[in-house]
Every structure is written in C-alpha cells, then in structure tokens.
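Structure at a glance
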Amino acid sequence: ETVGGGEARPLTSHETSVSNVSWAPDGESLFFLSSDPKSEEDKRKEELGDDVYAFDENFQQTHLWKVDAETGQETRVTEGDYSIGQYSVSRDGNRIAHMRAPSPLFGDAQWAEVWLMDVDGSGPVQLTTDTVPQSSPQLSPNGDWVLFTADANEEFDFYYNDKIFLIPASGGRARVLLPDFDGAIGQAAWSADGRAIFFRANIGIREELFRVEVESRDLTRLTEGDHAIGGASYDPRNGLAAFTIQSSQSPGDVWIMDLHAAGQPRQVTHIHDHLPETFRLPRQEAIRWRGDDGVEVEGLLFWPLDYGEGQRHPLIVQTHGGPASSDKFQFGGSSDYIQILTAKGYFVLLPNYRGSTGYGDAFLRDMVGHYFNQAHKDVMAGVDYLIDRGLVDGERMGKMGCSAGGHMTNKIITYTDRFKAASSGAGASNWISMYAQSDVRVYRTPWFGGNPWEEDAPIDQYWEDSPLKHVAGVTTPTLFLVGELDYRVPMPQSVEMYRALKALGVPTHLYVAPRQPHGWRELYHRLYKANVELDWWERWVMGRDYEWEEAPEIG
C-alpha cells in the first residue's frame, strides 16, 4: 500500500509465518525472518497421528529472507543448522549485523552471538564468544564498529542492567560505552554520522531518550517528564525519531522529535486525548521510602477517585514481573485494572523492589546469591510508609502480581499474614523443580549461585528461597492463575502452591486458562481474571458483594 493510501496487496506467499520485517536502505526490497517449513514426511506423520516428538528438539530453524518490493520474488539469505534472531542491514546496504543461536528456543538465548555477513549471506564472521544474551546488533555508518546491548558488565559477567557494547567489526574485544550509567538501556541507534548513539533507557519509574557521544562519552538527556517512552524508531536521513509516550493520562499516542536539533517532542496522534475528559482518572504519585536496610526504594501510588481527606483507604499492592524490570508512569491495562480498583476506593501501590532495573547494578544484583533477600522487605516497607502517612488502612490490604510478581505474592503470604487476600499469577513455588521445568535457566542461575544438578549444588539456597518451604504458616486466602501452555513458569508451580494451601485449609482456588501461554491473551480469559480477582478483593478485603462484568455483544 502507498503512503497516500490505496488498496493493500499481499507481497509474500511464504509457506511459514514471517516476522521482523525491515526495508533495505534502497527501498527496493524487504528482509524478513521465517522458520523453515516442516518436511513432507513430518506433515504426513502428523496427519496420521504418528507425531511423537523429541522434547526441546521439536523446532524448525529460523532464517533470513529477502523479497523484491515490486515483484514479490523471494530470495533466501541464510541456511543451516542455526537460527537468525535480531538483525539490521548496514546503511550502505552491503552488510548485515545479526544474532545467531543454535536454535530458536528461548532457553538458547545465552548461546546467541553477534555475527556480521554480506547482504547476500556470504562471508559470515562471528564477533562475540560468551554465554550472555545479547540483542540489537548494528553496524556503524563507517563500518568500523558493531553496537549491541547486553545485561552484563565489561568482563561479561551476567545479570546487570542492560548496557551498550561496542566491538570492532574486524573482531576484537567488546567494551561498555557507559559503564557507570544507572539506567537499563533498551533500544539504541547510531547517529547519522556515527559520532553519537541515541538510546532509550529505563531510569526507575521513567523511560527517557538519551544521546551519548562515542568518543567523549558525554551524555545528554533528550526528554524529561513523568512518562515512559516506548517503541522508538530513528531515521538518520532527517533526524526524526518516532515513539509513543505513556503517562497517567494516556496509554500511548505517537510523538516525533528532531534528535539532530534536540527539539521538543511533538504529538502526532491524538487517539487518547479524550480519556482525561471522558473519564475520571486516578492521581498518580511517585513516592520513595527506605527499605529494611536503609536503601531508598521508589514506586508509584494510584489514589482512590473519591479519596476522603484524613480517611484511611484499602490498598492493593501490585508487584511487577521480570524481576529485572520496573514499573513506570503508566495508564494501566486489563491485566491490572488499576482504574477499576481506584474507582472502588482502593489505593494501588506499584513498588520497584530490590532487583528492579533503572536504579544501578547494586540495586539490581541484590538478588544475586539469594532471590528473596531485601525484595519482599522493600514491598512491606512501602506498605508501612503508606500506613505511617495516614493513607492506608492496614487491616484492609490485598496483594497481587504475575510472573515475578507472582513469585513475590507467593513469598509475601509465607512471610506475613497482614494481607486479607492475595492473587498469584504464574508464580514460582519451588525453585528446584522450577529450574528444569521452565523454558529458560540462564536468568535464574545467578540468583542461587549455580544450578541444582551440579556437583555441590546450592540446593539449600534454592530451597530456602522457595515459598513452598515456608508454606505451613500461610493463612491468607489466595487465588492462583496460570496458563495451561505456560512454559516460562509452568502450571505445576501453581499446582504445588495451590495443593499446599488446600491441604492447610486456607481458602484458595486455582484457575487454569486453556491455550494460554505466559500472560493471558484471549479477551474472555483476561476478563475472567479481572472479574475473579475483583470478586476476591471485594469479598475478603472489603466484605462486599461484587457483580461480575459481562463481555459486550460482538457482531
């Protein structure tokens, strides 16, 4: 379809799904990734039901293709017993920086390395050799350097805030560009002349754009506000960057900014402008408190819509996933339904507990060697801070979270009985069994100082940090929710915790969403989650009845 509109037409007729589509610099062709098709023999066997497969070996490699934008003629660029991950075409159109991994499996991300090859797939050269997941490789405009990001330090020790690395395109040692930057770097791009790098970074409860000079390492913050910038893209020809800005008033419209002139962002779309005019939206406040050991912790507080001055209100604590991530200024969505909670009179606290990104490496790495060291204490210190401010009724509180937020919920209910109710989404209960059940292990190994099957394995630490070890004292009514096809935090983790509470006589339910992976996607399932949790809070925290919302008629 042309920029001016018109009828869209399919360009490819590829046998398998395409992804990661990008233009060649000359605009005459596009590149895309696609998995290899199954063999005719495998297809025939599947039709017969003769489909026994080898676990962790049942995949098709992912490769790079090129398609002519005018004719739709496809050309295969790479082929072999490996998978291509993220890639970028050099600005002269001659070379491609990319990631190669032994398979497309998420658990093999640590074995992916940075490579360079000619645009036709010839002359591949491997640049990195380590066991740290990397991403976003890009060749500099002069062809001398390759930029990539990795959550490592300069020695390639793992589990740090994401940093920018530069490695010579001819091979050599990679170096960190900003070793002392406290933020977690996401997207990055070379400037037009290659003398600077623009990047987006999480700095605690905010996400901003920055510019760093490659030689001097001088750093400039380009945006500033109570917001989170996302989905940024940069065009070196005109210096414009396009991105979304999410805030308490908007889930994210599109803005543009001239990065070369360092101008101010300008809003392009106005899809969400009506929200603060149409709806009563909760006040959102950045708050800080001291953790149990005196370290400052930050979080976001959403206020009840009908807050009564001098009155204490109930509280729902929501802990983010990751745990290497952070909650930032946001609008909220169907998974956390913050606006609904504030409309019903609740405060909502989103704490960036120890282990969160954007606060420096020491803050992130508090989990290294012991997952539950200060993190859960940070959450409870935030709760006490709000009680001490005279805002929260400590006798009416609930706790929820998914993924690492679910891990935290499972820990909290074994640590304290102060919450009247809890809901744990895809949370870990037994780190020993979890290690092998999950589709990824590299992020978990640093937490306990090794894996559970090596010689002299740190089993005691794995078990000490497992909520299941301390489950005997739980009294908090707790829901468990998990996707039937969750490979990240598989269903047995929720089953173990649920069956323990059931045996102890604690009010509990386990809700399983068919077909769902890690994070429920189908609309009816997401509505069910909101309904069943709201019902749970109203019953146990508020002592009120809740009327379930029904899905609107479609069609």
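Residues numbered from 1 in each chain as written. Predicted model: local features only at pLDDT ≥ 70, side-chain atom pairs only at ≥ 80, totals over all residues. Heavy atoms only, no water.

**Describing the sheet that holds strand E23 (residues 313-319)**
- With mixed pairing, eight strands are arranged side by side in an open sheet as E21-E22-E24-E23-E25-E26-E27-E28. Each having just a single partner strand, strand E21 (284-290) and strand E28 (508-513) make up the two edges of the open sheet. Adjacent strand axes in the sheet meet at a mean angle of 20° when their direction is disregarded.
- Along the sheet, helix H5 (residues 375-388) contacts E21, strand E22 (296-302), E23, strand E24 (347-352) and strand E25 (392-402); its crossing angle with E21, the most-contacted strand, is approximately 110°.
- On the sheet, helix H11 (residues 523-542) packs against E23, E25, strand E26 (421-425), strand E27 (478-483) and E28 and is oriented at approximately 155° with respect to E25. (Pairing = 2+ DSSP bridges. Helix = DSSP H or I, 4+ residues; strand = E, 2+ residues; numbered from the N terminus. Axes fitted to C-alpha atoms, helices over the stretch in contact; angles between N-to-C directions. Contact = heavy atoms within 4.5 Å.)

**Here's the deal with unusual backbone geometry**
- For the bond from Gly322 to Pro323, the omega torsion is 0°, close enough to zero to count as cis.
- Looking at the secondary structure, you find Pro323 in the loop between E23 and helix H3 (338-343).
- Here Asp56, not a glycine, exhibits a phi torsion of approximately 65°, which is positive.
- Positioned with a positive phi, Phe156 is a non-glycine residue whose angle comes to about 60°.
- The residue Phe156 is located in the loop between strand E10 (145-152) and strand E11 (158-168) in this model.

**Looking at the packing of aromatic side chains**
- If you walk through the whole model with that rule in mind, you get 27 aromatic pairs.
- Here the aromatic rings of Tyr435 and Trp453 are separated by 5.1 Å at their centres, their planes lie at 75°, and the arrangement is edge-to-face. In this pair, Tyr435 is assigned in helix H7 (residues 431-437) and Trp453 in the loop between helix H8 (445-448) and helix H9 (459-464), connecting sequence segments 18 residues apart.
- By relative accessible area, which is 5% here, Tyr435 ends up buried.
- We classify Trp453 as exposed; its relative accessible area is 53%. (Phe/Tyr/Trp six-rings, centres within 6.5 Å; stacked < 30°, edge-to-face > 60°. Buried < 20%, exposed > 50% of the residue type's maximum accessible area, 1.4 Å probe, protein only.)

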